[in-house]
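Analysis of the macromolecular model
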Amino acid sequence: VNLNKIHSALPLGDTPQQSLSSAVRRWLSQNGTLLLMALPGMLVLFTFSYLPLPGIVLAFKDYKAAQGIFGSEWVGFNNFTYLFSTGIAWRIIRNTLFINSLFIVANLLMSLSVAVLLHEVYDHFVSRIYQAVLFFPYFVSFVIVGYFTFILFSTEGGFINNSLQGLGLAPMRWFTEPSYWPVILMGVNLWHSLGYFTIIYLAGIIGINPEYYEAARIDGANKWAEITRITLPLIRPLIIINVLLAIGRIFFANLDLFINVIRDQGSLLSTSDVIDTYVLRSLTTLGNFNMASAAGLFQALVGFGLVVLSNWIVRRSDADQALF
Amino acid sequence: MTLTKLRRSWPMLLIWLALLAMAIVWLVPFVIIALTSVRSMNDLISNGVFAWPTRWVPENFARAWSLGNFSVYFGNSLILIFTKVPLGILIASLAAYALAKMRFRLNGPIFVLFLVGLAIPVQVTLMPQLVMMKQLGIAGSLPALYPAYVVFGLPFQIFVMRGFFRTLPNELIEAARLDGCSELGVFWRIMLPLSVPALITLFIIDALATWNELLIALVLISADTSLTVPVGLLRFQGQWSSRYTELMAGVMISILPILFIYVFLQRYLVSGLTAGALKE
């Protein structure tokens, strides 16, 4: 016999204390097991994601290993002032925003074009094979992507330089020329993630009612008109949401891509050092925990603000698409 | 084909050519790997990357597998995939079920707590995690990866499973309860079996992410016997940097399992990965 159930079935207790305890007990009998089920996840998340967060106070301290995190001296906003006055902050913010913007534009234009072209290819089998080829790099480790880049651009015996020499042109010293790398990174990133966005947009296009196209054809519309007057306007919400979500993450770089392709090469840092790589380098090779925490905190705050803002805009245009 | 027909279909021809050119560019890196992995170093130097191998050298694979320690890296990554991934998905499903079915005022805030976890940058929590693992005495070895990897996957998995559980009718739960089933029984005997497709999708996505994860493993793992495939690949390159042929054989070995999953389980993958971006 479930005593709790009987308790809760009775009229609420005579004294306030009794009623409170019986209410708690009733609530627990209804939700206790469920709460217990959520507990492992909450504990792991709390311990390993939230518990480390107080370490952020290092951003406002002059960290000395001997004094520990909480024993070290408070220095207010000095670390941030240093980051901005030395120009480091501007450099890594500019690089992050510029490279991520390149990624967003390139991904959008290319994936939309490929999706529209693929839609014109009536052969279902060919289309499936094509999507499979385009999507596969998405699942390849960035370590391997880094190798490709190295094999392609290596000065001695690199594939591109060999081809240049084969054509009678002078080889280039790619790894000493920082100005090329934002574009190279864009290409590598495109190769890696184009398939994903193409599949999303293609699915959107396939969902369009074919009757629209038939009606347009009867009215004498050509292919270009079909694409610009029917296809693009109808998948506009999908485009807006994907771009907004990408803009929400514009303050965070794809760290795996950068550490494997750029490999911390000092000669390339002026154009390819982003916030994430700076934080990681400060932590590991430079051992400068103050700067790492300050830059990390700045990124987390601005980045989180942008995520919330873009999510808010997405929610306003289509509540179902919002993350939270 | 007559000239008029050709004239009418030339845009189609252009489209096919453009798509074909792109497919070739997309495949070139894999062709380079495959051709390089089966030839000798001399052959590579004298004949270039794209020449057909003058002699097949399957020994590259054997050397990568044993000398390059790939057997160990492979084993470690497989252990993670078959223990950590199911564990993580179980924890996520338990929490997702509670969040989907609990009538409870803190329900929303708890869910947001999980989702905000998505926005905490990895590099912020990495060093404190290393310190924690040192205090637990497991830093540097494979077990150190479990908490970090479970946490890493939780928000997305909870997000997906909560959505899935919500689509399952409450009448099923009521009926099971009337038959004397406990809350855990409902979850284990009714909810989980009904969610097998979603669980398979999550398993595949998380297995691939685990197979490829580099950053956390790079910081938390130091013992050579505990390295996973991506870290092993990096270390391998340090040792064999000039031996492109063995290096590419190693790359081939690490890509094959992904290719296998990709070819045979693609429909689960596509549906799972686009779930967040597309309305069904």
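Residues numbered from 1 in each chain as written. Chains lettered and ligands numbered in written order. Predicted model: local features only at pLDDT ≥ 70, side-chain atom pairs only at ≥ 80, totals over all residues. Heavy atoms only, no water.

The secondary structure content of chain B amounts to 14 helices and 0 strands. Its helices and strands in sequence order give chain B the pattern α-α-α-α-α-α-α-α-α-α-α-α-α-α, from N to C terminus. Expected size for 280 residues packed as a compact globule is a radius of gyration near 19 Å; at 24 Å, chain B overshoots this value by more than 25%. By principal-axis analysis of the C-alpha atoms, chain B measures approximately 75 × 70 × 35 Å. Evaluated residue by residue, chain B yields a buried proportion of 52% over its 280 residues. Considering only residue pairs separated by 6 or more positions, chain B has 72% of its internal contacts joining residues 24 or more positions apart. For chain B, the accessible surface area stands at approximately 13300 Å², while carbon and sulfur atoms represent 69% of it. Once the 19 positive and 11 negative side-chain charges of chain B are each reduced to a mean point, those two points are 9 Å apart. (Helix = DSSP H or I, 4+ residues; strand = E, 2+ residues; numbered from the N terminus. Rg over C-alpha atoms; globule rule 2.2 N^0.38 Å. Buried < 20%, exposed > 50% of the residue type's maximum accessible area, 1.4 Å probe, protein only. Contact = heavy atoms within 4.5 Å. Areas by Shrake-Rupley, 256 points an atom, 1.4 Å probe, with all protein chains shown as cover. Lys, Arg positive; Asp, Glu negative; His and termini not counted. Charge placed at Lys NZ, Arg CZ, Asp CG, Glu CD.)

A word on the overall build of chain A. Within chain A, the secondary structure is distributed over 16 helices and 2 strands. On C-alpha atoms alone, chain A measures out to a radius of gyration of 27 Å, which is more than a quarter above the 20 Å that the 2.2 N^0.38 rule sets for 324 residues. For chain A, the spread of C-alpha atoms along the three principal axes comes to 95 × 70 × 35 Å. Taking all 324 residues of chain A together, the buried fraction comes to 47%.

Attention shifts here to helix α9 (residues 183-194) of chain B. Across its 12 residues, α9 of chain B extends 16 Å between first and last C-alpha, which sits within 8% of the 16 Å expected from 1.5 Å per residue. Taken residue by residue, α9 of chain B has Glu-183, Gly-185, Val-186, Phe-187, Ile-190, Met-191 and Leu-192 of chain B as its buried positions. (Expected span 1.5 Å × (residues − 1).)

A word on the side chain of Thr-210 of chain B. By secondary structure assignment, the location of Thr-210 of chain B is in helix α10 (residues 196-212). Among all residues touching Thr-210 of chain B, those that are not within four sequence positions of it are Leu-80, Ile-81, Lys-84, Val-85 and Tyr-149 of chain B.

Time to look at the confidence of the model for chain B. All names here are of chain B. In the predicted model, chain B carries a mean pLDDT of 84, and the fraction of residues at 70 or more is 93%. When the elements of chain B are averaged for pLDDT, helix α14 (residues 266-273) gives the smallest value, 75, and helix α4 (residues 70-101) the largest, 93. The ipTM, which scores confidence in the relative placement of chains, is 0.84 for this predicted complex, and the corresponding pTM is 0.85. (pLDDT = per-residue confidence, 0-100.)

This next bit is on the side chain of Asp-206 of chain B. Residues and elements named next belong to chain B. Of note, Asp-206 is situated in helix α10. Exposure remark for Asp-206: the relative accessible area of 7% places this residue in the buried category. A polar contact is formed between the side chain of Asp-206 and the side chain of Gln-157, at a distance of 3.4 Å. Those residues in contact with Asp-206 that lie beyond four places of it in its chain are Lys-84, Val-85, Gly-153 and Gln-157. (Polar contact = N/O pair within 3.5 Å; in protein donor to acceptor, adjacent residues only side chain to side chain.)

Glancing now at the interface of chain B and chain A. Across the boundary between the two partners, chain B contributes 75 residues, which contact 77 residues of chain A. Between chain B and chain A lies a buried interface of about 7100 Å² when both sides are counted; carbon and sulfur atoms form 80% of it. Taken together, the connections running from chain B to chain A amount to 0 salt bridges. Among the elements that line the side of chain B that touches chain A, the one with the most residues is helix α1 (residues 3-37) of chain B, at 12 residues. Its residues assigned to classes, the side of chain B that touches chain A comprises 61 nonpolar, 10 polar and 4 charged. (Buried area = accessible area lost by both parts, 1.4 Å probe. Salt bridge = Lys/Arg side-chain N within 4 Å of Asp/Glu carboxyl O. Nonpolar A, V, L, I, M, F, W, Y, C, P; charged D, E, K, R; others polar.)

Bringing α4 of chain B into the picture now. What sets the pattern is the α-helix's 3.6 residues per turn: residues three or four places apart point alike. For α4 of chain B, which comprises 32 residues, the first-to-last C-alpha distance of 45 Å matches the rise-based estimate of 46 Å (1.5 Å per residue) to within 8%. Maximal helix bending in α4 of chain B amounts to about 25 degrees, located at Ile-81 of chain B. (Bend = angle between axes of the 7 residues up to and from the residue.)

Residues and elements named next belong to chain A. The residue Arg-263 is not glycine, and still its phi comes out positive at about 50 degrees. Relative to the helices and strands, Arg-263 is located in the loop between α13 (255-261) and α14 (269-272). Residue Arg-263 is classed as partly exposed on the basis of its relative accessible area, which comes to 27%. At Asp-264, a position not held by glycine, the phi torsion is positive, near 60 degrees. Looking at the element boundaries, Asp-264 is found in the loop between α13 and α14.

Next up on the list: a nonpolar patch on the surface. Together, Trp-10, Leu-13, Leu-14, Leu-17, Leu-20 and Ile-24 of chain B give the surface a local cluster of nonpolar side chains, amounting to about 630 Å² of exposed area. Within the secondary structure, Ile-24 of chain B sits in helix α1. (Patch = residues over 30% accessible without salt bridge, like charges linked within 9 Å, V, L, I, M, F, W, Y side chains within 5 Å.)

By convention here, two paired aromatic rings are described through the distance between centres and the angle between planes. The final tally for this structure, using the stated rule, is 34 aromatic pairs over all chains. With centroids separated by 5.2 Å and ring planes inclined at 90 degrees, the aromatic side chains of Phe-74 of chain B and Trp-211 of chain B adopt a geometry described as edge-to-face. Remark: Trp-211 of chain B occurs in helix α10 and Phe-74 of chain B occurs in helix α4; sequence separation between them is 137 residues. In terms of burial, Phe-74 of chain B and Trp-211 of chain B fall into one category: buried. Taken together through their ring pairs, the aromatic side chains of Phe-135, Phe-136, Tyr-138, Phe-139, Phe-148, Trp-191, Tyr-196 and Phe-197 of chain A together with Phe-30 and Tyr-262 of chain B make up a single cluster. (Phe/Tyr/Trp six-rings, centres within 6.5 Å; stacked < 30°, edge-to-face > 60°.)

Attention now goes to the nonpolar core. Within the largest apolar cluster, 125 residues are counted, with the highest numbers of intra-cluster contacts made by Trp-181 of chain A together with Leu-145 of chain B. The greatest single-element share of this core, amounting to 14 residues, is contributed by helix α9 (residues 181-206) of chain A. The residues contacting Leu-145 of chain B, other than those within four sequence positions of it, are Leu-80, Ile-216, Ala-217, Leu-220, Ile-221 and Thr-228 of chain B. Formed by 45 residues, the second largest nonpolar core is a distinct cluster that contains Ile-89, Ala-96, Leu-192 and Leu-202 of chain B. (Core = buried A, V, L, I, M, F, W, Y, C linked by side-chain atoms within 4.5 Å.)

Attention now moves to the environment of Asn-288 of chain A. Residues and elements named next belong to chain A. Mapped onto the fold, Asn-288 is located in the loop between α15 (275-284) and α16 (289-317). Owing to a relative accessible area of 28%, Asn-288 belongs among the partly exposed residues under this scheme. With 226 residues separating them along the chain, Asn-288 and Asp-62 place their C-alpha atoms 10.0 Å apart. Side-chain polar atoms of Asn-288 contact the backbone nitrogen of Met-291, separated by 3.3 Å.

This paragraph deals with the confidence of the model for chain A. In the predicted model, chain A carries a mean pLDDT of 85, and 93% of its residues have values of at least 70. For residues 1-14 of chain A, every residue scores under 50 in pLDDT, and the model assigns this stretch 8 contacts once sequence neighbours within four places are set aside.

Two side chains that carry opposite charge are able to pair once their charged atoms sit near each other. Under the counting rule described, the total for this entry stands at 12 salt bridges over all chains. Of the charged contacts, one joins Arg-243 of chain B and Glu-246 of chain B as a salt bridge, the two residues approaching to 3.2 Å between their closest N and O atoms. A residue is classified by how much of its surface remains accessible, and Glu-246 of chain B, at 1% relative accessible area, is buried. Each of Arg-91, Asp-264, Asp-273 and Arg-281 of chain A takes part in salt bridges that share partners, so that together they form one network.

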